[in-house]
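Each chain is listed here by its residues.
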Amino acid sequence: MDVGDDIERIRKLRNTYFAHIELAEISDDEFRDLWSDLKCVIQRCQQYTTFWGCTTDYKKMLSDLERKTFTYDEYTILKQRSGAIYVYGEPDVFCGKTACFEAEITLEDDVILQVSWDRVDRTLRKKINVQDEKYRGSDNSKLLIHNVCKDDEAGYQAVLSRNIDVKIFSNTVYLHPKGGIPSADIVSTSNSKVVCGSDTTFDCTVSGYPSPDVVKWQHSPDGKLFIDLDTDTDKYLRSRSDICSHSLLVRKATLKQQGYYQVVVSNSIGKCTSNKLFLQVTGSKPNLSEVTCSLHGNSVKLKCDVFLYDESPPLNNVYWTKGVKHIFIATNDGKYAGADINDPSLTIYNVNCDDAGEYQLIAVNSVGETWSSVILLGVPEVLLKECVKKEDGSLWFTMTIKSVPVPHSVKWSIKENNIDTFEPINASAAEYIGTSNTFPHPVLVIKHIEKLDNCIFEIEVKNRIGEVKRMISGTFYAEGGFDIPFSIWLSELAKKFPKEKTDTLKFLIRLSCKIEDVTKLEEAKTAQDCFKILFKENIISPSDVITMQFLLIRTQCDELEKECIEYAKQQKAMHFYEKPPVILRKPKMKKKKIFLCKNESKIQFARITYVCCVFQLDQEFKRLDLPSTEELREKHMRSWIVIPKSSSGSF
């Protein structure tokens, strides 16, 4: 029989009757059989060890043990701790605390064995690394589990190891963490609806054991995606009166801070999210009226009303700018006055040319700032509005004065060509009856138009910024300046026409108009260049704006097309309606005052038949027994225009 077999028998006896039993008690008969088997095994092992030079007397040790008498105390201890290693400790530990399990080894003192710790979770056994922070301070005699949580709930054993194959397991101690996930509830706010710029506070109650170690406030505009708030900024302030009461102060709430708020709390067991509470922030920026200017002697007052909607924060500041510079009232030696919250108007004293420029009012509250429209203080501008030749042969010049501030002097003067100085016109004189200096449309009446050949007329307009003079002379106005309104309107139209539509304008002109000089059209860069070509080619004229109206419609310049119609009505120029305002029923020429332009050589035939309601024209032509538009187009490549004999000149 091999000694290895005896060693295996000893290990089996040890595990069966010592290490893995719940009680130390066995019957006498069973003990005698066990002792007899053990003595035989020891004798064979003694022979083997002595043969190989070992001096330990195992037989004597067994005889001494056989003669030993156990006391009652020894019996009680061995009865309670039957294994070679025993673990004890408190199994119920609050979450967040530290659990401690101690191991007691009952082997003889001169035997030193390695002790390790295992975690046993049902059928899964895992060796614990005592070097981890979770188990810091653990050694052969104790196991420390720090910051206990629900994840630590399991059984724990100490393991004695003689070698790789021989392990002695202690009893199992089960750890039961006590406590639970915390809870949080936002119970109130000082005001869930606040005006922008005001403060409000959220109060939250927190509970749980162990107490939450993390309390985070979160915000979401739509209640879906929440973001942690940085409570170390000036916008928010987090505080707590005790372990269970937390609060969040929202400072000077803005529209961006409107939305949903919630609290996330967590402890060693888990985390919880509170209920959501909505904060409504009301308010809008200041509203401003148009800026007006009034003259008070040598001073002007720029006035702009500032008003706020309901539930809006009050004004924080108002100030004026000149150009891009802030006007500081206190540092200008009495030049300015006003510009405060109670009176936002700006008074400028002793106005002169240095005060010319662009002025704006800026009003500020907690929501933001609003800029007024720009008002320009400058030298007056004098324009000729119209020149009309009356039935008595007199010329009436009506001017338009644009002036901010308003003028303090408007004067008409005259001088002969061979004299250097102008003399004021006596508006009461018979030859100037009707002349006036009234702002903003002064009028000059010239009864004897021959004076335009040897005299020069002048209008002088002054305001506190400066003065301007405009002269009228020559035979240009002898026929009543018929082309002046057209030139003014066409010039303004070119300025207002959208630059981004210039290519579309050129394309439409090329396709719909018969242009002699196509190269010039291709080289055109602006709307003004295109309009010059139309005028030069006699496609548009002071008395015919049909083509211009068509181009404005096709380029979708609705407002400019309305101005075109307005010009045509005032100047009795030809234009059209896409839907004729009057349906002609009978060809009674005198009663309906309808006539057809028959001088074919003088009619402007723009190639826009399809725009000018050809179908409707054909119907009317048929009733009047006139040639159809198609027949006329084949003959002339252009369209006839039917014109009502009325002041509007429309059809």
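Look up a bit, the structure's there.
Residues numbered from 1 in each chain as written. Predicted model: local features only at pLDDT ≥ 70, side-chain atom pairs only at ≥ 80, totals over all residues. Heavy atoms only, no water.

Asks: Would you mind going over a nonpolar patch on the surface in detail, with residue names and values included?
Replies: A cluster of nonpolar side chains, Tyr17, Ile26 and Phe31, forms an exposed patch at the surface whose accessible area comes to about 240 Å². Assignment of secondary structure puts Ile26 in the loop between α1 (3–19) and α2 (28–51). For Ile26, a relative accessible area of 34% puts it in the partly exposed group. (Patch = residues over 30% accessible without salt bridge, like charges linked within 9 Å, V, L, I, M, F, W, Y side chains within 5 Å. Areas by Shrake-Rupley, 256 points an atom, 1.4 Å probe, with all protein chains shown as cover. Salt bridge = Lys/Arg side-chain N within 4 Å of Asp/Glu carboxyl O. Helix = DSSP H or I, 4+ residues; strand = E, 2+ residues; numbered from the N terminus. Buried < 20%, exposed > 50% of the residue type's maximum accessible area, 1.4 Å probe, protein only.)

Asks: Account for the packing of aromatic side chains, naming residues and giving values.
Replies: A full pass over the atoms with the stated rule returns 15 aromatic pairs. Ring plane angle 65 degrees and centroid distance 6.5 Å describe the contact between Phe307 and Tyr309, whose orientation is recorded as edge-to-face. For Phe307, a relative accessible area of 40% gives the class partly exposed. Given a relative accessible area of 48%, Tyr309 falls into the partly exposed group. Taken together, the ring pairs in this structure connect Phe486, Trp489, Phe535 and Tyr567 into an aromatic cluster. The lysine or arginine in question, Lys390, covers the ring of Trp396, its NZ or CZ lying 5.3 Å from the ring centre. (Phe/Tyr/Trp six-rings, centres within 6.5 Å; stacked < 30°, edge-to-face > 60°. Lys NZ or Arg CZ within 6 Å of the ring centre and 35° of its normal.)

Asks: Tell me about the packing of helix α7 (residues 502–512) against helix α10 (residues 546–554), residues and numbers included.
Replies: Running from amino to carboxyl end, α7 crosses α10 at an angle of 130 degrees, the nearest separation of the two axes being 10 Å. Our classification of the angle between α7 and α10 gives oblique. Two packed elements cross with a definite hand, and for α7 against α10 that hand is right-handed. On α10, the residues touching Leu505, Leu508, Ile509 and Ser512 of α7 are Phe550, Leu551 and Arg554. Looking at side-chain class alone, the contact of α7 with α10 contains five nonpolar, one polar and one charged residues. (Axes fitted to C-alpha atoms, helices over the stretch in contact; angles between N-to-C directions. Parallel < 35°, antiparallel > 145°, perpendicular 65-115°, else oblique. Left-handed = near helix turned anticlockwise from the far one by under 90°. Contact = heavy atoms within 4.5 Å. Nonpolar A, V, L, I, M, F, W, Y, C, P; charged D, E, K, R; others polar.)

Asks: Can you explain the environment of Pro344? Please cite residues and give values.
Replies: With respect to the helices and strands, the residue Pro344 is situated in the loop between β26 (336–338) and β27 (346–348). Given the relative accessible area of 13%, Pro344 is considered buried. Taking C-alpha positions, Pro344 is 7.4 Å from Lys303, a pair spaced 41 residues apart along the chain.

Asks: So what's going on with unusual backbone geometry? Residues and values would help.
Replies: Following Val404, the chain continues to Pro405 via a peptide bond in cis, the omega torsion being 0 degrees. The omega torsion across Phe439 and Pro440 is 10 degrees, close enough to zero to call that bond cis. In the Ramachandran plot, Asn147 falls in the positive-phi region, its phi being about 50 degrees despite a non-glycine side chain. With respect to the helices and strands, the residue Asn147 is situated in the loop between β6 (142–145) and β7 (154–161). Phi is positive for Asn538, which is not a glycine, with a value near 65 degrees. Tracing the backbone through its elements, the reader meets Asn538 in the loop between α9 (527–536) and α10.

Asks: Outline the packing of α7 against α9, listing residues and values.
Replies: Helix-helix packing is characterised by the crossing angle of the two axes and by the distance between the axes. Running from amino to carboxyl end, α7 crosses α9 at an angle of 20 degrees, the nearest separation of the two axes being 10 Å. In terms of orientation, α7 lies roughly parallel with respect to α9. In this structure, the crossing between α7 and α9 has a hand that is left-handed. Every residue of α9 that contacts α7 at Thr502, Leu505, Lys506 and Ile509 is listed here: Ala527, Cys530, Phe531 and Leu534.

Asks: Before we move on, could you go through α2 and cite the residues and values that matter?
Replies: Given a rise of 1.5 Å per residue, 24 residues ought to cover 34 Å, and the 34 Å separating the end C-alpha atoms of α2 matches this to within 8%. Every buried residue of α2 is listed here: Leu34, Trp35, Val41, Ile42, Cys45, Gln46 and Thr49. Residue Gly53 follows α2 closely and has a positive phi angle near 90 degrees. (Expected span 1.5 Å × (residues − 1).)

Asks: Describe the nonpolar core, listing the residues and the values that go with them.
Replies: Counting residues in hydrophobic clusters, the biggest one holds 35 residues, and the most contacted among them are Trp489, Ile509, Phe531, Leu534 and Met548. Those elements giving two or more residues to this core turn out to be α6 (484–496), α7, α9, α10 and α11 (558–571). In terms of nonpolar packing, the next biggest core, distinct from the first, is built from 22 residues, Tyr135, Leu143, Leu160 and Leu175 among them. (Core = buried A, V, L, I, M, F, W, Y, C linked by side-chain atoms within 4.5 Å.)

Asks: Help me get a handle on the layout of surface pockets, residues and values and all.
Replies: Empty space among the atoms becomes apparent when a probe as large as a water molecule is rolled across them. If you add up the space inside the second largest pocket, you get close to 650 Å³. In terms of lining, the second largest pocket is formed by 20 residues, of which the most central are Lys385, Pro485, Ile488, Trp489 and Glu492. Secondary structure elements with two or more residues in the lining of the second largest pocket: β31 (381–389), β32 (395–402), α6 and α11. Counting residues per element, the lining of the second largest pocket draws most heavily on α6, at seven residues. When the residues that make up the lining of the second largest pocket are grouped by side-chain class, the tally is seven nonpolar, four polar and nine charged. (1 Å grid on protein atoms, 1.4 Å probe; cavity = no way out; pocket = protein on both sides within 12 Å on 5 of 7 lines; lining within 4 Å. Points joined across faces, edges and corners; volume = space filled by probe spheres on them.)

Asks: Can you lay out α7 for me, pointing to particular residues and giving the numbers?
Replies: Those residues of α7 lying buried are Thr502, Leu505, Lys506, Leu508, Ile509 and Ser512. The buried residues of α7 occupy an angular sector of 165 degrees when the element is viewed end-on, so they sit on one face. What points out from α7, more than 90 degrees from its buried face, is the exposed set Asp503, Phe507 and Leu511. Residues of α7 that are buried in the fold lie against α8 (518–523), α9 and α10. (Arc of directions from axis to C-beta.)

Asks: Could you give me a rundown of the sheet that holds strand β34 (residues 423–424), with the residues and numbers involved?
Replies: Taking strand neighbours across the sheet as the criterion, the four strands line up as β34-β33-β36-β37 in an open arrangement whose pairing is antiparallel. For this open sheet the edge positions go to β34 and β37 (467–472), each flanked by a neighbour on one side alone. Bridging between strand β33 (residues 409–416) and β34 involves two bridges; their strand directions are antiparallel. Residue pairing for β34: Ser413 is matched across the bridge by Pro424. (Pairing = 2+ DSSP bridges.)

Asks: I'd love a proper account of the pattern of salt bridges, names of residues and values included.
Replies: Using the criterion set out here, one finds 20 salt bridges in the structure. Linking Lys134 and Asp152 is a salt bridge whose minimum nitrogen-to-oxygen distance equals 2.7 Å. You can see Lys134 sitting in the loop between β5 (124–127) and β6 and its partner Asp152 sitting in the loop between β6 and β7, a full 18 residues away along the chain. Taking relative accessible area as the criterion, Lys134 reaches 24% and is therefore assigned partly exposed. The salt bridge partner of Lys142 is Asp139, with a shortest N-O separation of 3.2 Å.

Asks: Please set out the sheet that holds strand β21 (residues 292–296) residue by residue, giving values where relevant.
Replies: Strand order in this open sheet of four strands is β21-β22-β27-β26, and the pairing throughout is antiparallel. A single partner strand is all that each edge strand has here, and the edge strands are β21 and β26. Pairwise comparison of adjacent strand axes, ignoring direction, gives a mean angle of 20 degrees for this sheet.

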